[in-house]
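Next come the chains, spelled out residue by residue.
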Amino acid sequence: MEENWRPIVGFEGLYQVSNLGRVQSANRYARIRGGGKRFIKPTPLKHWISNSGYQMVQLSVENHVTKHYVHRLVAMAFVANPDQLLEVNHINSDKEHNQDFNLEWVSRQGNEDHKVAAGRTHRGMANKQTKLTDQEVIEIRSLLAVGEPQASIARKFGVAQATICRINTGNTWRAAITPQALTSL
């Protein structure tokens, strides 16, 4: 595959990113002491792995240094985003494969759904940190349906009221059976 280079958005004339996930400084002239200029050849930037497992680079403009995810730089330069989605997904789930053909723009929900489908995150009882069972969540939903206050439900099950609120709004435990579905079985 041929490597193509494009300017990094916001750093045009200073840095470039390739469709294969490499980042380098651009051909440019830099000022030196005494008012002169010198030519700077493209230099590959060192990548490092963030705590979340993604490759990162540092870019600087006039001594202001910023850190950037390599996969986002590649996607902004090479992957079409007609729906103006905000997140970049690695199609093969490998965070170190930052080639343009392995990246796609997705919504937050689409990114979460991809993680679940790829087995990189667990929901409901499959999550080792959960304090509730599916049956308890069904009971919580039943209590909410009859008007039981969230605070008293939280005390009964030993969880925070915010947890009960998230169950009530569907932000967590969406996969658990609802009381209505349980009565129809």
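See the structure printed just above.
The following refers to the structure shown. Each chain has its residues counted from 1, running along the sequence as written. Local features in this predicted model are restricted to residues whose pLDDT is 70 or higher, and side-chain atom pairs enter the listing and the counts only when it is 80 or higher, whereas totals over whole chains, interfaces and linings include all residues. Where side-chain values are given, they derive from all heavy atoms of the structure, hydrogens and water being excluded.

**Observations regarding the overall build of the chain**
The cut-off we apply is this: Think of it this way: any DSSP run of H or I at least four residues long counts as a helix, any run of E at least two long counts as a strand, and we number them from the N terminus. Burial classes follow relative accessibility: with a 1.4 Å probe on protein chains only, a residue under 20% of its type's maximum area counts as buried, one over 50% as exposed, and anything between as partly exposed. Contact definition: two residues touch when any of their heavy atoms are within 4.5 Å. With residues, only the protein chains shown are counted as cover, and all accessible areas are computed by Shrake-Rupley using a 1.4 Å probe.
Within the chain one finds six helices and 10 strands. Counting all 185 residues of the chain, 33% fall into the buried class. A separation threshold of at least 6 residues defines the contact pool for the chain, and within that pool the share at least 24 residues apart is 36%. Total accessible area computed for the chain in this model is approximately 12000 Å², and 50% of it derives from carbon and sulfur atoms.

**As for the sheet that holds strand 6 (residues 48-49)**
Sheet strands line up and pair through hydrogen bonds in the backbone, either parallel or antiparallel. Rules: Pairing between strands requires that DSSP locate at least two bridges from one strand to the other. Structural elements are reduced to axes, namely lines fitted to C-alpha atoms, with helices fitted over the stretch in contact, and the angle between N-to-C directions of any two is expressed from 0 to 180 degrees.
A sheet is described by the order of its strands in space; here three strands give the open sequence 6-7-8, paired in antiparallel fashion. Strand pairing shows two members of the sheet lacking a second neighbour, strand 6 and strand 8 (64-69), which therefore form its edges. Against the sheet, helix 1 (residues 70-78) touches strand 7 (55-61) and strand 8, its axis set at about 80° to strand 8.

**Describing the pattern of salt bridges**
Put simply, the test is: The salt bridge definition used is simple: a Lys or Arg side-chain nitrogen within 4 Å of an Asp or Glu carboxyl oxygen.
Taken as a whole and judged by the stated rule, the model has three salt bridges. In this structure, Glu3 engages Arg22 in a salt bridge whose closest nitrogen and oxygen atoms are separated by 2.8 Å. Pair noted here: Glu3 is in the segment before strand 1 (5-7) and Arg22 is in the loop between strand 2 (15-18) and strand 3 (23-25), with a separation of 19 residues, a long-range link.

**Things to note about helix 1**
The buried count for helix 1 comes to seven of nine residues, which makes it a mostly enclosed element. Regarding helix 1, the residues found buried are Val70, His71, Leu73, Val74, Ala75, Ala77 and Phe78.

**Let's talk about the environment of Thr172**
Within the element layout of this structure, Thr172 appears in the loop between helix 5 (161-169) and helix 6 (179-183). Judged by its relative accessible area of 25%, Thr172 is partly exposed. Put simply, Thr172 and Val137 are 35 residues apart on the chain and 10.0 Å apart in space, counted from C-alpha to C-alpha. With sequence-adjacent residues up to four places away left out, Thr172 is seen in contact with Arg141, Thr163, Arg166 and Ile167.

**Structural notes on the nonpolar core**
Put simply, the rule is: As used here, the term nonpolar core means buried Ala, Val, Leu, Ile, Met, Phe, Trp, Tyr and Cys residues forming a set that is joined through side-chain atoms within 4.5 Å.
One finds Ile8, Val17, Val23, Val57, Leu59 and Leu73 to be the most contacted residues of the largest nonpolar core, which totals 18 residues. Secondary structure elements with two or more residues in this core: strand 2, strand 7, helix 1 and strand 10 (103-106). Take this core: its biggest share by element is six residues, from helix 1. If we ignore the near neighbours within four places in the chain, the residues touching Val17 are Asn4, Trp5, Arg6, Ile8, Arg22, Val23, Leu73, Val74, Ala77 and Phe78. Of all hydrophobic cores here, the second largest spans 11 residues; its members include Ala154, Phe157, Val159 and Ile167.

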